[in-house]
Amino acid sequence: MAYITLKNINKIYPNGYHAVHDFNLDIEKGEFIVFVGPSGCGKSTTLRMIAGLEDISNGEFMINGKRANEMGPREREVAMVFQSYALYPQMTVFDNIAFGLTLQGVDEDVIEEKVKHTAGILGLTDYLDRLPRALSGGQRQRVAIGRAIIRKVGIFLMDEPLSNLDAKQRVTMRSEIAQIHQSTGATTIYVTHDQTEAMTLADRIVVMKDGYVQQVGTPYELYHDPVNVFVAGFIGEPPMNFVRGTVNGGAISFGANKLPIADLLGSKASQYEGKEIVFGFRPEAIELGSQPESVVVNAMVELTEMLGDNTNVYIAAGEDKAILKVDPHDTPEMDTEIAFSIPVKDIYLFDGETEKVISK
Ligand code: ADP
């Protein structure tokens, strides 16, 4: 039995807006689940329904095998960390972390011990006497996390907890969140629009778009086996390259290049003749020059972007464009023609109409 079950969960707001459609997910105890997708796709709405901050319009929500639709937030034993830290500005770090326990009337000695333990996990031991305004953004967010984890709750919910931090703090805090999860083992559901956060933190990712779950899987599964164009383009940085074209004689055009796909389509080749196909390949899944077992493409280098550990090469073949990720030592000159190879095993084909992956 799963620890948390969402079964055909829907959210229709009072104004009639249908924000979440038939959301289905089983979550195991201790899992780190990330909801990811562009702004407005229904991530926060789903999280808030789990938290008990938003009514579930229909469907069934269960915790530990018990229906929880009607339970209040406290009864669900969830703690939530918001994007805005929501700290009490006039209270010290100690009092902010202790707040929930103080309200519950927990013994002072116990509170002191727990706050110190929590502060230790979060590296806040030296800051307990400070007011929030004397902390950095990252430290404030750690206080907010401390306030949530000090209560022994089963489920830990986080809504874009890193979005108010600068890029460097985000990276640090990301690894801290992973460590906190490891040390507490709490079941965590985390919302973000950032695919890197999702990929680095999650045991499993739920990709959402327009209120619909697109795919649920491990970071590895989503990267290697995306079910549709949306997931393929959302997971991975720079995103997967897509070439759209009508199949003609078992190939589609990429500028003046012909990309043969009949073999890849196998028994479906004739069915797709004259139909639109999306040909996908990842920027990092190419090799320069002409290689065996590959589709070879000639293109012009429009721009190169040195990133230190690799170089992004922006190429054009006629009107079609793509990004290639190459070793910095192999960075080509701008405005020259290059050949590159896409290994056949790394090619993805999607139906141009449904945008679903075409299985061979
Ligand atoms: P996300 O977290 O993925 O950015 P949200 O869950 O916040 O998305 O919102 C999903 C959709 O529901 C958005 O189109 C948003 O405008 C809409 N929405 C959110 N809250 C309300 C509300 N109280 N009433 C009506 N529509 C809402």
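You'll find the structure just up there.
Residues numbered from 1 in each chain as written. Predicted model: local features only at pLDDT ≥ 70, side-chain atom pairs only at ≥ 80, totals over all residues. Heavy atoms only, no water.

Q: Pulling in residues and values, what's your account of the site of the ligand?
A: As a structural note, the neighbourhood of the ligand is formed by Tyr13, Asn15, Tyr17, Ala19, Pro38, Ser39, Gly40, Cys41, Gly42, Lys43, Ser44 and Thr45. Protein coverage of the free-state accessible area of the ligand, which is 570 Å², stands at 63%. Counting residues per element, the shell around the ligand draws most heavily on helix 1 (residues 43–51), at 3 residues. (Near = heavy atom within 4 Å. Areas by Shrake-Rupley, 256 points an atom, 1.4 Å probe, with all protein chains shown as cover. Helix = DSSP H or I, 4+ residues; strand = E, 2+ residues; numbered from the N terminus.)

Q: Please set out unusual backbone geometry residue by residue, giving values where relevant.
A: Cis rather than trans, the peptide bond between Glu237 and Pro238 has omega equal to -10°. Among the secondary structure elements, Pro238 is positioned in the loop between helix 9 (229–234) and strand 11 (241–246). In the Ramachandran plot, Glu355 falls in the positive-phi region, its phi being about 65° despite a non-glycine side chain. Its location among the elements puts Glu355 in the segment after strand 20 (348–351). Look at Glu355 and you get partly exposed, because its relative accessible area is 27%. (Buried < 20%, exposed > 50% of the residue type's maximum accessible area, 1.4 Å probe, protein only.)

Q: So, helix 1: which residues are in play, and what are the values?
A: The buried fraction of helix 1 amounts to 7 of the 9 residues, a majority that puts the element mostly inside the structure. Inspection of helix 1 places Lys43, Thr45, Thr46, Leu47, Met49, Ile50 and Ala51 among the buried residues, and these make up the whole buried set. Downstream of helix 1 by a residue or two, Gly52 has a phi angle that is positive, lying close to 90°.

Q: Could you give an account of the nonpolar core, with specific residues and numbers?
A: Counting residues in hydrophobic clusters, the biggest one holds 43 residues, and the most contacted among them are Val34, Ile97, Ile145, Phe156, Ile177 and Tyr190. Residues contacting Ile177, with those up to four places away along its chain left out, are Phe32, Ile145, Met158, Pro161, Leu162, Tyr190 and Leu201. (Core = buried A, V, L, I, M, F, W, Y, C linked by side-chain atoms within 4.5 Å. Contact = heavy atoms within 4.5 Å.)

Q: For the pattern of salt bridges, give the residues involved together with the corresponding values.
A: Summed over the entire model, instances satisfying the criterion amount to 11 salt bridges. For the salt bridge of Lys321 with Glu302, the shortest nitrogen-to-oxygen distance reads 3.1 Å. In this pair, Lys321 sits in strand 18 (residues 320–326) while Glu302 sits in strand 16 (residues 294–306), placing the two residues 19 residues apart along the sequence. Among the salt bridges present, the one from Asp346 reaches Lys345, with a minimum N-O distance of 3.1 Å. Judged by relative accessible area, which is 69%, Lys345 ranks as exposed. Ionic contacts of the salt-bridge type, sharing partners, join the residues Lys11, Arg48 and Glu54 into one network. (Salt bridge = Lys/Arg side-chain N within 4 Å of Asp/Glu carboxyl O.)

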